[in-house]
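Coordinates in review
Now for the letters of each chain:
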Amino acid sequence: MTEKTTMSSLPDEHRTSFLKRVAGANTLWIGLVLLVLVATFGAIRPDAVFQVTTLQFLLAETAVLLVLSVGMTFVIITSGIDLSVGSVLVFASVASAMAMNAVSGGDATNAGWGVIAFGLLVAVVSGAVWGLLNGLLISRAKIPALIVTLGSFGAAQGAALLLNNGSNVSGIPDRLNRTFGSGTYLGIPNIVIVAAVVTALGALLLSTTRFGRYTYAVGSNEEAARRVGISVRGHLTKVYLLAGTLAGLAGFMGNAFFRVAVVTGHETDNLNAIAAVVLGGTSIFGGTGSVLGTVFGVFIPAVLEKGLVIIGVKEFWQPIAVAIVLVAAVWLDQTRRRARNQR
Amino acid sequence: MSQPLLEARDLTKNYGTVEALRGASFTAHPGEVVSLIGDNGAGKSTLVKCLSGVEQPTGGTLLFDGEPLVLGSPNDARDLGIETVFQDLAVAPDLDPAANMFLGREILKPGLLGFLGVLDKKAMRKQATEHFTRFGATLQSIDVPIAALSGGQRQSVAVARSVAWASKLVFMDEPTAALGVVQRERVLDVIKRVRDEGVAVVLISHNMPEVLSVSDRVEVLRLGRRVARFKASETSVEELVGAMTGALTQEDAA
């Protein structure tokens, strides 16, 4: 019947105004919370907060978590979960560092761009393989995502330890660290630029493409998606593949930043990413959410942590403060859903 | 009489030892509203599932425009212009009406952006608005999530969506079950309008006055078989109920 539908120039009269839509979005409120936090800390210690090095550090430290969280946003919108991202990051980081060392005769410290590119490829591919494995087990074998990714959370960590007998891998190319790790462009750390580009691409993918639309549809009502002919299994596989690939990239970014592939310290990355996504207004029940919200959600805990230290409050308060905001965010989401579904 | 659009002959469907269909036949002609009625367990839902590709019959034949037809999946039926409005609606509550209408059939932007999978949201919204207006689904706004709409509006969206893509035939499984008086009238209006465009409508309903008011023909199922066929203008509620319960049978119906 589409052929019959004439394309007359009907005005968008039924469209809600832009302002109204923005005000109704969770994202705006989460963004305001972040702004208030920055303003509060800034008002108390403007000298320490608005320093270039403080901000540079804050951004650089969150860049890796941001990339993980972008992938997690897609997963959670499908009403899934991925507990394995931190372990996959470690695996990709170790595999990539060892691969770079191996092709440079044992030590890649002075290696050139060819080796670095190879290292990037190894990191991304090993992340993608873990993601694909997660996706296939979840969509084909119908094992709950929580269990599958709990399994790969342990397995990827174990495999990373096996690769190098449980120790960190050094020998990251100097050139990689100087450029991507600690280099800046117009004062912005390069690693942050990479994370920003990944985030922007993720946001566009989610909000403007068919892939994004299907991600929402699968999370909103899997059966409805299936009945209109969307390949739900295929789509879920792709979403977990995306999350794994981004975890692989995050592992490579970590290598560049820390100049070493560390096998510990990423055990709670998964929970931090989930917290960031949920803080950012993405519903843990699937169907709604945005990458922009996730960006805010990543920075709220980071700003709290830095800010509390700067104003001299014990930083042990940070997890407590984040916990309160997190639970409040989900409670708000629940209330909204209940109000909506009662109609 | 014209050539049937869709014809089922002696369909059987077994679920293990349970015989849901025992040689059921069914006929739908282009541009008519035919109601499929029967008591609970008569096999209506199973028959519709077999005719819309959701389930595959154990035996019997399907004919589409006189040609033998095998439906392996709902997509096969959809490719032929056969759509279904399911009882449970099957919409994505977090997406807006336009997104739901075009779900699985998105319009992409032309050129490179379209190649990258970028949606043409504006075009979809525009076509959806026109379509909803045409089929009497009055929505205050086209871009709120379906979940924010009332039950009746949700139903109208589900009906309008299926109707939009049905070029040959649309199955409606109890499309008015959850509706108020006004909404119900509107759905019945839509059914007539669709019929007038030459599309066959198969209505499943328990509401006999409604069946008689909107249908051209009525086919009755009982215990997995067709037991009677009526012209809606020449029958009565009593006769339909008699056929459903077994008090009345027509020899030539099966």
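Attention here is on the structure that accompanies the text. Please read these numbers as outputs of a predicted model, since none were measured by experiment.

**What about the environment of Gly127(A)?**
Residues and elements named next belong to chain A. You can see glycine 127 is positioned in helix H6 (residues 113-139). Once the C-alpha coordinates of glycine 127 and valine 313 are considered, the two residues, 186 residues apart in sequence, prove to be 38 Å apart. Discounting chain neighbours no more than four positions away, the residues touching glycine 127 are Val88, Ala92, Gly244, Thr245 and Gly248.

**Overview of the pattern of salt bridges**
All names here are of chain B. Enumeration according to the criterion identifies 18 salt bridges over all chains in this entry. Lysine 168 is the partner of aspartate 65 in a salt bridge, and the nearest nitrogen-oxygen pair spans 3.9 Å. One end of the pair, aspartate 65, is in the loop between strand E4 (59-64) and strand E5 (67-69); the other, lysine 168, is in the loop between helix H6 (151-165) and strand E7 (169-173), with 103 residues separating them in the sequence. Among the residues examined, aspartate 65 registers a relative accessible area of 35% and is labelled partly exposed. Glutamate 210 serves as the salt-bridge partner of arginine 184, at 2.5 Å between the closest nitrogen and oxygen. Pair noted here: arginine 184 is in helix H7 (residues 181-196) and glutamate 210 is in helix H8 (residues 208-214), with a separation of 26 residues, a long-range link. A residue is classified by how much of its surface remains accessible, and arginine 184, at 21% relative accessible area, is partly exposed.

**Focus on the side chain of Glu7(B)**
Residue and element names in this part refer to chain B. Here glutamate 7 lies in strand E1 (residues 6-15). One polar contact links glutamate 7 to arginine 9, side chain to side chain, over a distance of 3.4 Å. Not counting chain neighbours up to four residues away, the residues in contact with glutamate 7 comprise Phe26, Thr27, Thr61, Leu62 and Leu63.

**Remarks on the sheet that holds E4(B)**
All names here are of chain B. Taken in spatial order, the four strands of this open sheet run E2-E1-E4-E5, and their pairing is antiparallel. Two strands close off the open sheet at either side, each with one partner strand: strand E2 (18-28) and E5. Neighbour-to-neighbour, the strand axes of this sheet turn through a mean angle of 30°, independent of strand direction. Both E1 and E4 contribute to a ladder of five bridges, which runs antiparallel. Paired with alanine 8 across the strands is leucine 62, a residue of E4. Against the sheet, helix H1 (residues 44-51) engages E1, E2 and E4, with an angle of about 115° to E1.

**What about empty space enclosed by the protein?**
Considering all chains together, one arrives at four cavities of 30 Å³ or more under this definition. Its boundaries defined by the atoms lining it, the largest cavity holds a volume of some 190 Å³. Lining of the largest cavity is provided by 17 residues; of these, Arg227(A), Arg78(B), Glu83(B), Thr84(B) and Phe86(B) occupy positions nearest its centre. When residues of the lining of the largest cavity are traced back to their parent elements, those giving at least two are helix H2 (74-79), strand E6 (82-85), helix H3 (97-101) and H6 of chain B. Looking at which domains feed residues into the lining of the largest cavity, each of domain 1 (1-81 + 166-254) and domain 2 (97-161) of chain B supplies at least three.

Reading the values: rules and limits
- Numbers given for residues are sequential positions, taken from 1 along each chain in its written order.
- In the order they appear in the text, chains get letters beginning with A and ligands get numbers beginning with 1.
- Restriction of local features to residues with pLDDT of at least 70 applies here, the model being predicted, together with a cutoff of 80 or more for giving and counting side-chain atom pairs; totals for whole chains, interfaces and linings are based on all residues.
- Computation of side-chain values: all heavy atoms of the structure, hydrogens and water removed.
- The secondary structure listing takes helices from DSSP runs of H or I that are at least 4 residues long and strands from runs of E that are at least 2 residues long, numbered from the N terminus.
- The contact rule is simple, with two residues in contact once any of their heavy atoms fall within 4.5 Å.
- Salt bridge, as applied in this entry: a Lys or Arg side-chain nitrogen positioned within 4 Å of an Asp or Glu carboxyl oxygen.
- Under the scheme applied here, a residue whose accessible area is under 20% of the maximum for its type counts as buried, over 50% as exposed, and between as partly exposed, the area being computed with a 1.4 Å probe on protein chains only.
- N or O atoms within 3.5 Å of each other form a polar contact, as long as, within protein, one can give a hydrogen and the other can take it, and as long as residues adjacent in sequence are counted only when both atoms are side-chain atoms.
- By the convention used here, strands pair only if DSSP detects at least 2 bridges between them.
- Every axis in this analysis is a line fitted to C-alpha atoms, fitted for helices over the stretch in contact. Angles between the N-to-C directions lie between 0 and 180 degrees.
- Definitions used throughout: a 1 Å grid over protein atoms alone; a cavity as a set of points that fits a 1.4 Å probe which cannot get out; a pocket as an open set with protein on both sides within 12 Å along at least five of seven lines; a lining residue as one with an atom within 4 Å of a point.
- Grid points are joined across faces, edges and corners, and a volume is the space filled by probe spheres set on the points.
- Reported domain spans reflect what an automatic or database domain assignment gives.

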